[in-house]
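In case you want the letters, here they are:
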Amino acid sequence: MDLFDHQLIPVTLSEGRQSSIAFWPNWLDKERADVLLSKAINTIDWRRDSIKIVGKTIPIPRLQQWFGDPSTSYTYSNIRLQAVSFPDWIEQLREQVETQADQRFNRALVNYYRDGSDSVDWHADDEPELGFEPVIASCSLGAERVFQLRHNVTKERLAISLPHGSLLVMGPGIQRYWQHRVAKTKTIDQPRVNFTFRYMGR
Ligand SMILES: O=C(O)CCC(=O)C(=O)O
Ligand SMILES: [Mn+2]
């Protein structure tokens, strides 16, 4: 891991206010990233959750799991995720991300995109439990997918391709002013796993 091999991408929040995305394209070496990817796919007890939209139950287009203090839970889009405690290998990754980002993280939402037909739609990580202007760290493994951002007001767009073993840290305010997504793509038939680390007060 090279602590200095990163890019700082400027992100405009509002007139006169900037934030940034810190991005390490080659954060983990290939061997470590390969091990983490196969551990994630093969050992995480993946949830297949559904959301209800106007009375219809629709499976979300990805598998997921929520790690943290098991006496807590997290609710988004009416899905209640009871936390599962961190296995040692995710705990190790969590500590490494904390050191790199210089931020505390005590939760991880882990997403498994089986192929290009899995996705996550436009949203912000702005649940009240995450506190005011949370910093979110995201480590990507497997197939390279495009992470898109869109400003809520100006509709300005950013797109960052996330390679195997990369780390992306969204700075303060980005969740308030921007949304992000990983869109479906017909050109990818390989799996991707993404760890998003967050901090919650309780
Ligand atoms: O897969 C990604 O890179 C993004 C996932 C995401 O936005 C989320 O879990 O909140
Ligand atoms: Mn998100």
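If you're wondering where the values come from, they're calculated on a predicted model, not measured in any experiment.

## Brief notes about the packing of aromatic side chains
Consideration 1: One pass over the full model with this rule turns up six aromatic pairs.
Consideration 2: Here the aromatic residues Trp 66, Tyr 74 and Tyr 76 are joined through ring pairs into a cluster of three or more.
Consideration 3: Over the ring of Phe 86 we find Arg 94, and its NZ or CZ is 5.9 Å from the ring centre.

## Concerning the site of ligand 1
Consideration 1: Close to ligand 1 lie 13 residues; Asn 111, Tyr 113, His 180, Arg 192 and Arg 198 are nearest.
Consideration 2: The contact in question runs from an oxygen atom of ligand 1 to an N or O atom on the side chain of Asn 111, over 2.8 Å.
Consideration 3: At 3.1 Å, a side-chain N or O of Asp 125 approaches an oxygen atom of ligand 1.
Consideration 4: When isolated, ligand 1 has an accessible area of 300 Å², and the protein chains bury 95% of it.
Consideration 5: If one sorts the elements of the shell around ligand 1 by residue count, strand 15 (residues 192-198) sits on top with four residues.
Consideration 6: A class-by-class count of the residues in the shell around ligand 1 yields five nonpolar, five polar and three charged.

## Looking at the pairing of strand 3 (residues 50-53)
Consideration 1: In this structure, strand 3 lies alongside strand 4 (residues 56-59), joined through four bridges in antiparallel fashion. From the neighbouring strand, Lys 52 faces strand 4, where its bridge partner is Thr 57.
Consideration 2: Linking strand 3 to strand 4, which pair antiparallel, is a turn of two residues; within it Val 54 sits at a positive phi near 35 degrees.

## Comments concerning the pattern of salt bridges
Consideration 1: For the structure shown, the criterion picks out eight salt bridges.
Consideration 2: For Asp 49, the salt bridge identified is with Arg 47, shortest N-O distance 2.8 Å.
Consideration 3: Across the pair Glu 133 and Arg 176 runs a salt bridge, and its minimum N-O distance is 2.5 Å. Taken together, the positions of Glu 133 in the loop between strand 9 (120-123) and strand 10 (136-142) and Arg 176 in helix 3 (residues 174-177) put the pair 43 residues apart, joining distant regions of the chain.
Consideration 4: The class of Glu 133 is buried, set by a relative accessible area of 13%.
Consideration 5: The class for Arg 176 is partly exposed, based on a relative accessible area of 45%.
Consideration 6: Beyond isolated ion pairs, a larger network of salt bridges with shared partners links Arg 17, Glu 133 and Arg 176.

Cut-offs and rules
Residues numbered from 1 in each chain as written. Chains lettered and ligands numbered in written order. Predicted model: local features only at pLDDT ≥ 70, side-chain atom pairs only at ≥ 80, totals over all residues. Heavy atoms only, no water. Phe/Tyr/Trp six-rings, centres within 6.5 Å; stacked < 30°, edge-to-face > 60°. Lys NZ or Arg CZ within 6 Å of the ring centre and 35° of its normal. Near = heavy atom within 4 Å. Polar contact = N/O pair within 3.5 Å; in protein donor to acceptor, adjacent residues only side chain to side chain. Areas by Shrake-Rupley, 256 points an atom, 1.4 Å probe, with all protein chains shown as cover. Helix = DSSP H or I, 4+ residues; strand = E, 2+ residues; numbered from the N terminus. Nonpolar A, V, L, I, M, F, W, Y, C, P; charged D, E, K, R; others polar. Pairing = 2+ DSSP bridges. Salt bridge = Lys/Arg side-chain N within 4 Å of Asp/Glu carboxyl O. Buried < 20%, exposed > 50% of the residue type's maximum accessible area, 1.4 Å probe, protein only.

Everything listed here is a matter of geometry and, on its own, says nothing about what the molecule does.
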